[in-house]
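Examination of the molecular architecture
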Amino acid sequence: MSELQINTTQNVKIKFTAVGAGERLLAFLIDWAIKVGYLILINRFFGAFDNMDQWSQIAINTVLSFPVMFYTLALESMLEGQTIGKRILKIKVVKIDGYQASFADYVIRWFFRIVDIYVLGLGFFIILFSKKHQRLGDMVAGTAVITLKDNVKISHTILENLKENYKPSYANVIKLSDNDARIIKETFRTARASKDYQTLIKLRKKIVEVTDIKTIKQNTDIEFIAVILKDYNYYTQSM
């Protein structure tokens, strides 16, 4: 594994560990086993179609094979960079520049699987010798696969003192990730201590943008951001 440094939109540098070829291969095998299992079940339940004419069989087989064909693309898009195999191993796809990978990025990675996986396993060897452990599809899409196992837990960095009868104000905070909350807290502490009100304004605008909060109930940015951190603690610890 190698260290991967990402600059976030708040210009905060976060270091992740890029996943090596072995762990990525294991995730691939888990996903492959799921797809094979699906095909076996489909073959068993739809064996009755064997008596149909050739073109009918081809049409039905094509439709039934869609979940296998688009498995990786669909899951990475819906699970924010993870398939079932990646989720089990706690790894995920991210953009090198720190942004969330877009659907177009997932499409590029999925398309290049034809070369990376099905042409003599070329991607495996590229990962071995790539500095950031990227396959060809990652290089073109500007993505990498990182491990989530090293992430700092909420109780270590962003724990807030909450009263037993605490009532949250913004349910939308669940759209934030642990890293988002950590960055918000670090930026908030620094800006508040130095009375950097411009940074507080920018931080508040970014939080509203990401969480899609429509109405702010607090009178000041400091009060609002403090409540956001407490609400995030409340909801994540209740999950």
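Structure: see above.
Anyway, here's the lowdown on the structure attached to this text.

Reading the values: the criteria
Residues numbered from 1 in each chain as written. Predicted model: local features only at pLDDT ≥ 70, side-chain atom pairs only at ≥ 80, totals over all residues. Heavy atoms only, no water. Phe/Tyr/Trp six-rings, centres within 6.5 Å; stacked < 30°, edge-to-face > 60°. Helix = DSSP H or I, 4+ residues; strand = E, 2+ residues; numbered from the N terminus. Buried < 20%, exposed > 50% of the residue type's maximum accessible area, 1.4 Å probe, protein only. Lys NZ or Arg CZ within 6 Å of the ring centre and 35° of its normal. Pairing = 2+ DSSP bridges. Polar contact = N/O pair within 3.5 Å; in protein donor to acceptor, adjacent residues only side chain to side chain. Contact = heavy atoms within 4.5 Å. Axes fitted to C-alpha atoms, helices over the stretch in contact; angles between N-to-C directions. Parallel < 35°, antiparallel > 145°, perpendicular 65-115°, else oblique. Left-handed = near helix turned anticlockwise from the far one by under 90°. Nonpolar A, V, L, I, M, F, W, Y, C, P; charged D, E, K, R; others polar. Expected span 1.5 Å × (residues − 1). Core = buried A, V, L, I, M, F, W, Y, C linked by side-chain atoms within 4.5 Å.

Here we take up the packing of aromatic side chains. For any pair of aromatic rings, geometry is given as the distance between the ring centres together with the angle between the planes. Enumeration over the complete set of coordinates arrives at seven aromatic pairs. With 5.5 Å between their ring centres and 80 degrees between their planes, Tyr170 and Phe224 make a pair best called edge-to-face. Taken together, the positions of Tyr170 in the loop between helix H10 (154-157) and helix H11 (178-193) and Phe224 in helix H13 (residues 221-238) put the pair 54 residues apart, joining distant regions of the chain. A relative accessible area of 4% means that Tyr170 is categorised as buried. Relative to Tyr235, the ring of Tyr234 has its centre 5.3 Å away and its plane inclined at 90 degrees; by these criteria the two rings are edge-to-face. With a relative accessible area of 22%, Tyr235 lands in the partly exposed category. One aromatic cluster in this structure is built from Phe66, Phe70 and Trp110. Sitting over the ring of Tyr170, Lys217 keeps its end group 5.6 Å from the ring centre.

Let us now look at unusual backbone geometry. A positive phi angle is found at Lys90, which is not glycine, with a value near 60 degrees. With respect to the helices, strands and loops of the structure, Lys90 is situated in the loop between helix H5 (84-89) and strand S3 (91-95). The residue Asp212 is not glycine, and still its phi comes out positive at about 60 degrees. Within the fold, Asp212 resides in the loop between helix H12 (197-211) and H13.

The subject of this paragraph is the pairing of S3. Most of S3 is tucked away, with five of its five residues classed as buried. Of the two faces of S3, the one holding Ile91, Val93 and Lys95 and the one holding Lys92 and Val94 are both buried throughout. As judged from the five bridges shared by S3 and strand S4 (residues 143-147), these two strands associate in the antiparallel manner. If you follow Lys95 over to S4, its bridge partner there is Thr143.

Another aspect to go through is the side chain of Thr211. Tracing the backbone shows Thr211 in helix H12. The buried category is assigned to Thr211, whose relative accessible area is 0%. Side-chain polar atoms of Thr211 contact the backbone oxygen of Ile207, separated by 2.6 Å. Ignoring any residue separated from it by four or fewer positions in sequence, one finds Thr211 in contact with Asn172, Val173, Lys175 and Leu176.

Take the packing of helix H4 (residues 71-78) against helix H6 (residues 103-111) next. Between H4 and H6, the shortest axis-to-axis distance is 9 Å and the interhelical angle comes to 155 degrees. Judged by the angle between their axes, H4 and H6 are roughly antiparallel. Every pair of crossing elements has a handedness; the one defined by H4 and H6 is right-handed. Contacts between H4 and H6 involve Thr72, Leu73, Glu76 and Ser77 from the first element and Phe103, Tyr106, Val107, Arg109 and Trp110 from the second. Of the residues contributing to the contact of H4 with H6, the split by class is five nonpolar, two polar and two charged.

Another aspect to go through is helix H1 (residues 21-45). Compared with the 36 Å implied by 1.5 Å per residue over 25 residues, the 36 Å span of H1 between its first and last C-alpha is a close match. Among all positions in H1, only Ala21, Glu23, Arg24, Ala27, Asp31, Lys35 and Ile42 are buried.

Here the focus is the nonpolar core. Core analysis: the largest hydrophobic core is formed by 18 residues, its most contacted members being Tyr170, Ile184, Ile207, Phe224, Ile225 and Ile228. Per element, the largest residue contribution to this core is six residues, and it comes from H13. Setting aside residues up to four positions removed in sequence, Tyr170 forms contacts with Ile213, Thr215, Ile216, Lys217, Gln218, Phe224, Val227, Ile228, Asp231 and Tyr235.

Time to look at the packing of H1 against helix H8 (residues 122-129). Interaxial distance between H1 and H8 falls to 9 Å at its minimum, and their mutual angle equals 150 degrees. With respect to H8, the axis of H1 lies roughly antiparallel. Contact residues: H1 offers Ala21, Arg24 and Leu25, while H8 offers Phe124, Ile127 and Leu128. Grouping the amino acids of the contact of H1 with H8 by side-chain chemistry returns five nonpolar, no polar and one charged.

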